[in-house]
Amino acid sequence: MFSQSRVECPILRKKIMSADEAVAFLQDRDTVGMSGFTGAGYPKSIPGALVKKAKALQDLGQKFRINLWTGASTAPELDGVLAEVDGISMRLPYQSDPICRQQINQGVMDYVDMHLSEVSQYAWSGFLGKLDVAVIEVAAIHADGRIVPSSSVGNNKTWVEQADKVILEVNDQQSIKLEGMHDIYYGTALPPNRKPIMINTPADRIGEQYLSIPLEKIVAVVETSAPDRNSAFTPPDEVSTQIAEHILDFFAHEIKAGRLPKELLPLQSGVGNIPNAVLSGLERGGYKNLSAYTEVIQDGMLHMLKSGTLSVASATAFSLSPVALAELNENIDFYREKIILRQQDISNHPEIVRRLGIIAMNGLIEADIYGNVNSTHIMGSRIMNGIGGSGDFARNGSLSIFMTPSTAKNGAISAIVPMASHVDHTEHDVKVIVTEQGLADLRGLSPRQRAEVVIEKCAHPMYRDRLRDYYERACASKRGMHTPHILSEALSWHENFETKGEM
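What this report covers is the structure whose coordinates are included nearby. No experiment lies behind these values; they were computed from the predicted model shown. (Residues numbered from 1 in each chain as written. Predicted model: local features only at pLDDT ≥ 70, side-chain atom pairs only at ≥ 80, totals over all residues. Heavy atoms only, no water.)

**Considerations on the overall build of the chain**
This is how the line gets drawn: Strands here mean DSSP runs of E at least two residues long; helices mean DSSP runs of H or I at least four residues long; both are numbered from the N terminus. Just to be clear, the radius of gyration here is over C-alpha atoms, and the globule rule we use is 2.2 Å times residues to the power 0.38. Throughout this description, buried means an accessible area under 20% of the type-specific maximum (1.4 Å probe, protein chains only), exposed means over 50%, and partly exposed covers the range between. It only takes one pair of heavy atoms within 4.5 Å for two residues to be counted as in contact. For the accessible areas, the method is Shrake-Rupley and the probe is 1.4 Å, while residue cover comes only from the protein chains on display.
In terms of helices and strands, the chain carries 18 helices and 26 strands. Here the C-alpha atoms of the chain give a radius of gyration of 23 Å, agreeing with the 23 Å that 2.2 N^0.38 yields for 503 residues. Overall, the C-alpha framework of the chain stretches about 75 × 55 × 45 Å when taken along its three principal axes. Taking all 503 residues of the chain together, 58% fall into the buried category. A fraction of 73% describes how many contacts in the chain between residues 6 or more apart in sequence connect residues 24 or more apart. Carbon and sulfur atoms form 51% of the exposed surface of the chain, whose accessible area is close to 20000 Å².

In structure tokens:
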């Protein structure tokens, strides 16, 4: 298949086989930890071979379903194809696949939505049960058994430590020059044996460049040649640009007030058009020597690294468009000196996030007038994707910013509601809410003060008067003046949408 194999280890060369042969090591009801984080570094061959195995068993009247653990979301070639053949019994810790989402919301697939920083500790502690097999994509295997990680790290270190058996996919479409970009830390431990993690800046390296796996654990090696799922980002629209401008104005105000340094504080940014618009605005704004301590490296961060706006970016994975991936591979010697990929229990570690004073910027589905944020559920009960790492950063960062367009479904849904139908981030962890209408700085405000600011600054004009009317009537009821609500109406907007198709 290859002009030159990337499997240089003689012991592991003897274990090279096809994906169809390798899936013999996977059985019905196994719990399988697979690599992958935001469409980067996921196995490309084993999932398809599992689908073939599942279909063959189904033809014989037998079921084949696995419990699937990953780093975060992966790709349709993993989640989607397995879900399509009813091949997943339980999924954690995060997903974004439409077929998985449908099965979760139908009650066909169990789903454990978790803070990404906690997954490794849960696995080490045994709360998640036994891990049977780890299936991990890597870029290369050296002759002495050192393993070069791929385009994401995620939970890979934990999976190979916890699993009874390991299957490696060696993908020759991952740049061999990724070697040296990773920082795998082997000093983690469970309480009471934990020690300080000595990351004092996003640029600090504290681990090793390679993934260590006992060779006897590795039962199969599959050589693959397939790219990551790289989706192009649509250019920022007017709403995204307006949201970005509000955030940039806020940063300028905070610098002038002496609450932020001119280099800001390390940035964490969710994935999508709005975060990319913010990053683009920072680049245009003349900022220099910023830093990022985040989950994913996306297009905007590559531009910022190249221009000098960003000096270093620490993450656990890439999430790049095809154009940005080509840029990375063409200039990878430059980027390797400025990008560090860590395992996600370090990239999202609450203590590091708190100590570095991260500025967290994440999206939301809805926020209520008191500042509680729902980032996972539609109309209270239907999962969208999951909480991901937003809670790791929002709760522990020095500044948590949540951003969204003020309406959805062509105005049929207001993102600002009387009461959130599901709460992922409480009012205690939400510092700033931003829509294209404006920015609400909630720091130091009481619930009633927050309500007035959120309604005035963030609500769309078509909903602002109704929100104000609800709030004023709730206050007039005198039932509870700390956080006034009319319980019989608090979720009526959601009920209206469910019955009438609009709030």
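**Concerning the environment of leucine 442**
When you line up the elements, leucine 442 lands in the loop between strand E26 (438-441) and helix H16 (447-458). Assessed through its relative accessible area of 4%, leucine 442 is described here as buried. A sequence separation of twelve residues divides leucine 442 from valine 430, and the C-alpha atoms of the two residues are 7.5 Å apart. The contact partners of leucine 442, leaving out residues within four places of it in the chain, are Gly371, Val430, Lys431, Ile433, Arg450 and Val454.

**Examining the sheet that holds strand E24 (residues 416-417)**
Heads up, the condition is: For two strands to pair, DSSP has to find at least two bridges joining them.
The three strands are arranged E18-E17-E24 in an open sheet whose pairing can be described as mixed. The open sheet has two edge strands, strand E18 (373-374) and E24, and neither has a second partner.

**A short note on the pattern of salt bridges**
Any two side chains of opposite charge can pair, so long as their charged atoms come close to each other. Basically, it comes down to this: The salt bridge criterion pairs a side-chain nitrogen of Lys or Arg with a carboxyl oxygen of Asp or Glu, the two atoms within 4 Å.
In this structure the tally under the stated criterion is 27 salt bridges. One network of salt bridges, with partners in common, ties together Glu254, Arg259, Asp441 and Arg443.

**Focus on the pairing of strand E21 (residues 399-403)**
Two faces belong to every sheet, and in a regular strand the side chains alternate between them. With five of its five residues buried, E21 lies for the most part within the structure. Burial along E21 is two-sided: Leu399, Ile401 and Met403 and Ser400 and Phe402, pointing in opposite directions, are all buried. Where strand E16 (residues 359-363) and E21 come together, five bridges link them in parallel fashion. The residue bridging isoleucine 359 from the neighbouring strand is leucine 399, located in E21. Direction of pairing for E21 relative to strand E25 (residues 432-435): parallel, over a ladder of three bridges. Note on E25: the bridge partner recorded for isoleucine 401 is valine 432.

**Focus: the nonpolar core**
Rule in force here: Among buried residues, the Ala, Val, Leu, Ile, Met, Phe, Trp, Tyr and Cys ones that are joined through side-chain atoms within 4.5 Å form a nonpolar core.
Membership of the largest hydrophobic core comes to 71 residues, with the highest contact counts inside it found for Ile141, Phe251 and Leu282. At six residues, the largest contribution of residues to this core is made by helix H8 (residues 238-256). Once residues lying within four places of it in the same chain are set aside, the contact partners of leucine 282 are Leu248, Phe251, Leu264, Leu267, Tyr287, Leu290, Met304 and Thr309. Counting 39 residues, the second-largest nonpolar core is a separate cluster that includes Val23, Leu68, Ile104 and Val219.

**Here we look at the side chain of glutamine 103**
Tracing the backbone shows glutamine 103 in helix H5 (residues 98-106). Not counting chain neighbours up to four residues away, the residues in contact with glutamine 103 comprise Ala83, Asp86, Val108 and Met109.

**Details of the packing of helix H9 (residues 273-284) against helix H10 (residues 299-307)**
A pair of packed helices is characterised by two quantities: the angle between their axes and the separation of those axes. Rules: Here, axes are lines fitted to C-alpha atoms. For helices the fit covers the stretch in contact, and angles between N-to-C directions go from 0 to 180 degrees. Each angle gets one of four labels, with under 35 degrees taken as roughly parallel, over 145 as roughly antiparallel, 65 to 115 as roughly perpendicular, and the rest as oblique. A crossing counts as left-handed when the near helix is turned anticlockwise from the far one by less than a right angle, and as right-handed when that turn is clockwise.
For the pair H9 and H10, interaxial distance at closest approach is 8 Å and the crossing angle is 15°. Considering the angle they form, H9 stands roughly parallel to H10. Considering only the axes of H9 and H10, their crossing is left-handed. Where H9 abuts H10, its residues Asn276, Leu279, Leu282 and Glu283 lie against Asp299, Gly300, Met301, His303, Met304 and Ser307.

**Focus on the side chain of threonine 74**
Locating threonine 74 in the fold gives a position in the loop between strand E2 (66-69) and helix H4 (76-84). Judged by relative accessible area, which is 3%, threonine 74 ranks as buried. Here threonine 74 is in contact with Ser35, Gly36, Thr38, Gly39, Tyr42, Asp79, Arg91 and Arg229, once residues within four sequence places are set aside.

**What about H4?**
Those residues of H4 that sit buried are Leu78, Asp79, Gly80, Leu82 and Ala83. Elements in contact with the buried residues of H4: strand E1 (31-34), helix H3 (46-59), E2, strand E3 (88-92) and H5. Just past H4, the residue aspartate 86 takes up positive phi, approximately 55°.

**Here we look at the pairing of strand E13 (residues 310-315)**
Of all six residues in E13, five are buried; the element is thus mostly enclosed. Relative to E13, strand E11 (residues 290-293) is paired through four bridges, and the arrangement is parallel. Following the sheet pairing, tyrosine 293 is matched in E13 by serine 314. In this sheet, strand E15 (residues 339-342) lies alongside E13 in parallel orientation, the contact comprising three bridges. Bridged to alanine 315 within E15 is leucine 341.

**A closer look at the packing of aromatic side chains**
Selection criterion: Here the aromatic set is Phe, Tyr and Trp, taking the six-membered ring for Trp, and pairing holds for ring centres within 6.5 Å; pairs whose planes are under 30 degrees apart are stacked, those over 60 apart are edge-to-face, and all others are tilted.
Per the stated rule, a full pass over the model turns up five aromatic pairs. Aromatic side chains tyrosine 122 and phenylalanine 127 sit 5.5 Å apart centroid to centroid with 70° between the ring planes, which places their arrangement in the edge-to-face category. Relative accessible area serves as the criterion here: at 33%, tyrosine 122 is assigned to the partly exposed category. Aromatic side chains tyrosine 463 and tryptophan 493 sit 5.7 Å apart centroid to centroid with 35° between the ring planes, which places their arrangement in the tilted category. Within this pair, whereas tyrosine 463 is found in helix H17 (residues 461-477), its partner tryptophan 493 is found in helix H18 (residues 492-500), the two being separated by 30 residues in sequence. Exposure remark for tryptophan 493: the relative accessible area of 5% places this residue in the buried category.

**Here's the deal with unusual backbone geometry**
Of the consecutive residues leucine 92 and proline 93, the connecting peptide bond is found in the cis state with omega at 0°. Position of proline 93 relative to the elements: it lies in the loop between E3 and H5. Along the chain, proline 191 connects to proline 192 via a cis peptide bond; the corresponding omega equals 10°. Here proline 192 shows up in the loop between strand E8 (182-183) and strand E9 (218-224). Of note in the backbone geometry, aspartate 86 takes a positive phi value of approximately 55° without being a glycine.

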